[in-house]
Amino acid sequence: MAQSLLVVGSIAFDSVRTPHDEVADVLGGSAVYFSVAASLFAPVRLVGVVGEDFPDGHRQVLQDRRIHIDGLQVVEGGKTFRWCGTYLGNMNERITDDVQLNVFGDFRPVIPRDWRRSDLVFLANGSPVTQMSVLDQVESPALTVADTMDLWIETARDELLVLLQHIDGLVLNDEEAAMLSGETDLAKAEDRILAMGPKFIVIKMGSEGARIAGRAPGPPHARGQEVIKAVLPAYCEGAVRDPTGAGDSFAGGMMGYLAGLDRPITVEDLPAALKVGTVMASFTIEDFSVRRLQDLARGEFDARLAAYDESVSG
Ligand code: AMP
């Protein structure tokens with residue numbers, strides 16, 4: 001049996017434009033991408049907020065993937081968070097055209113009583129104050145990981161620094177890592193951010209791949225002091241249709257894999273989790289929304305993971 005995995009984050013209607021295509025009001029949000037990805041390995045407990053406009057069909061997509069949505073708050077008369085973005089050129093550049101926070105602006109996560117003892121906790125992108133309020137509600141999780149973004153590094157740095165003292169892992173992209181650490185050399189940025197408190201840090205570098213540095217979570221006597229550093233290339237099998245959610249599903253793959261191990265996490269598990277996240281993201285970008293992930297079978301995932309493994313070891 002897998003360990004329990006809790007995620008708190010945004011649930012959205014996304015409108016996305018790429019050089020080739022566009023979609024409006026599709027299912028998105030950091031917690032949605034995370035959950036659908038993680039659900040391949042473990043049942044997921046999702047806490048988020050939506051408005052009355054959130055359709056049953058979207059709920060069904062989540063429930064069909066073993067995602068528990070008892071923690072979904074529905075605000076009467078409210079509207080669901082909306083995000084609109086455009087990708088340019090080779091899709092490595094993204095412009096946010098519009099954000100309507102709606103009910104997400106006043107989101108005060110409440111973790112259902114039965115979920116407070118979740119083994120693994122992922123704090124998807126959100127204000128560090130909100131993320132901290134989730135940590136205050138959970139009881140001795142085995143692993144806590146947070147995502148963050150430039151907005152919080154710029155506007156809530158002090159609160160983010162407090163959060164970093166209380167989490168095991170931090171996930172962020174290369175530009176954010178440079179912004180947080182004041183260091184553009186990512187190997188040095190890792191060391192600086194590790195000195196701020198987290199036991200490990202994952203830096204996403206888009207089409208350049210991802211890197212991880214640090215120690216395993218858990219008390220020192222259980223995990224030892226061994227430090228690991230690894231850099232892995234990205235993976236892409238076909239044309240990129242929409243990169244939205246690559247980062248969140250990457251984190252979902254990582255955390256879902258670790259939850260599925262159902263034993264204390266060792267330092268060797270971290271690069272293995274990074275591989276799973278990388279391969280998960282390679283599926284996400286093949287279609288809009290969670291379309292590629294929602295019907296993804298374990299066999300298809302494992303076959304691509306094996307192909308990726310071969311490409312990095314060979
Ligand atoms: P990613 O491409 O992994 O960075 O994630 C994109 C997803 O994040 C989209 O589905 C958006 O709905 C969601 N998103 C965009 N901006 C925010 C924000 N400020 N807070 C929370 N979620 C967001």
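None of the values given here were measured: they were computed from a predicted structure.

(A) Representation of the overall build of the protein in the model. When its secondary structure is counted, the protein shows 12 helices and 13 strands. Here the C-alpha radius of gyration of the protein, 18 Å, is about what a compact globule of 314 residues would show, namely 20 Å. Each of the 314 residues in the protein was classed as buried or not, and the buried ones make up 56%. Considering only contacts within the protein whose residues lie at least 6 apart along the sequence, 65% involve residues at least 24 apart.

(B) Representation of the site of the ligand within the structure. Close to the ligand lie 18 residues; S10, D14, G29, G245 and D248 are nearest. D248 is positioned such that a nitrogen or oxygen atom in its side chain is 2.7 Å from an oxygen atom of the ligand. Protein coverage of the free-state accessible area of the ligand, which is 510 Å², stands at 85%. Among the elements of the structure, strand 2 (12–17), helix 1 (30–38), strand 6 (81–88) and helix 9 (246–261) are those that each provide at least two residues to the shell around the ligand. Take the shell around the ligand: its biggest share by element is three residues, from helix 9. Considering only residue class, the shell around the ligand consists of seven nonpolar, eight polar and three charged.

(C) How the structure looks around the packing of helix 1 against helix 9. Viewed as axis vectors pointing N to C, helix 1 and helix 9 meet at an angle of 40 degrees, and their least axial separation amounts to 7 Å. Classified by the angle between their axes, helix 1 and helix 9 sit oblique to one another. The element helix 1 and its partner helix 9 pack so that their crossing is right-handed. Seen from helix 1, the contacting residues are S30, Y33, F34, A37 and A38; seen from helix 9, they are D248, S249, A251, G252, G253, M255 and G256.

(D) The sheet that holds strand 2, seen in detail. What the four strands build is an open sheet, ordered 3-2-6-7; its pairing is mixed. Sheet topology places strand 3 (22–28) and strand 7 (93–100) at the edges, where each strand pairs with a single neighbour. Neighbour to neighbour, the strand axes of the sheet diverge by 20 degrees on average, direction disregarded. Alignment of strand 2 against strand 6, held across six bridges, turns out to be parallel.

(E) Fine view of the environment of S127. Following the sequence through the fold, S127 ends up in the loop between strand 8 (120–123) and helix 3 (128–135). The class of S127 is buried, set by a relative accessible area of 16%.

(F) Inspection of the nonpolar core at higher detail. Core analysis: the biggest nonpolar cluster contains 63 residues, and F122 and F301 have the highest contact counts within it. Considering each element in turn, this core owes the most residues, eight residues, to helix 10 (residues 269–284).

(G) Up close: helix 3. Listing the buried residues of helix 3 in full gives P128, Q131, M132, V134 and L135. For helix 3, the angular spread of the buried residues around the axis is 155 degrees, confining them to a single face. Contacts made by the buried residues of helix 3 are with strand 1 (5–8), strand 8, strand 9 (143–147), helix 4 (150–155) and helix 5 (157–164).

(H) Up close: the pattern of salt bridges. Evaluated as defined, the whole model comprises 19 salt bridges. The shortest N-O distance in the salt bridge between R263 and D269 comes to 2.8 Å. Close ionic contact of R304 with E286 constitutes a salt bridge, the shortest N to O distance being 2.9 Å. Linking R304 in helix 12 (residues 298–313) with E286 in the loop between helix 10 and helix 11 (291–294), this pair joins segments that are 18 residues apart in sequence. In this structure R304 comes out as buried when scored by relative accessible area, which is 6%.

Calculation rules
Residues numbered from 1 in each chain as written. Predicted model: local features only at pLDDT ≥ 70, side-chain atom pairs only at ≥ 80, totals over all residues. Heavy atoms only, no water. Helix = DSSP H or I, 4+ residues; strand = E, 2+ residues; numbered from the N terminus. Rg over C-alpha atoms; globule rule 2.2 N^0.38 Å. Buried < 20%, exposed > 50% of the residue type's maximum accessible area, 1.4 Å probe, protein only. Contact = heavy atoms within 4.5 Å. Near = heavy atom within 4 Å. Polar contact = N/O pair within 3.5 Å; in protein donor to acceptor, adjacent residues only side chain to side chain. Areas by Shrake-Rupley, 256 points an atom, 1.4 Å probe, with all protein chains shown as cover. Nonpolar A, V, L, I, M, F, W, Y, C, P; charged D, E, K, R; others polar. Axes fitted to C-alpha atoms, helices over the stretch in contact; angles between N-to-C directions. Parallel < 35°, antiparallel > 145°, perpendicular 65-115°, else oblique. Left-handed = near helix turned anticlockwise from the far one by under 90°. Pairing = 2+ DSSP bridges. Core = buried A, V, L, I, M, F, W, Y, C linked by side-chain atoms within 4.5 Å. Arc of directions from axis to C-beta. Salt bridge = Lys/Arg side-chain N within 4 Å of Asp/Glu carboxyl O.

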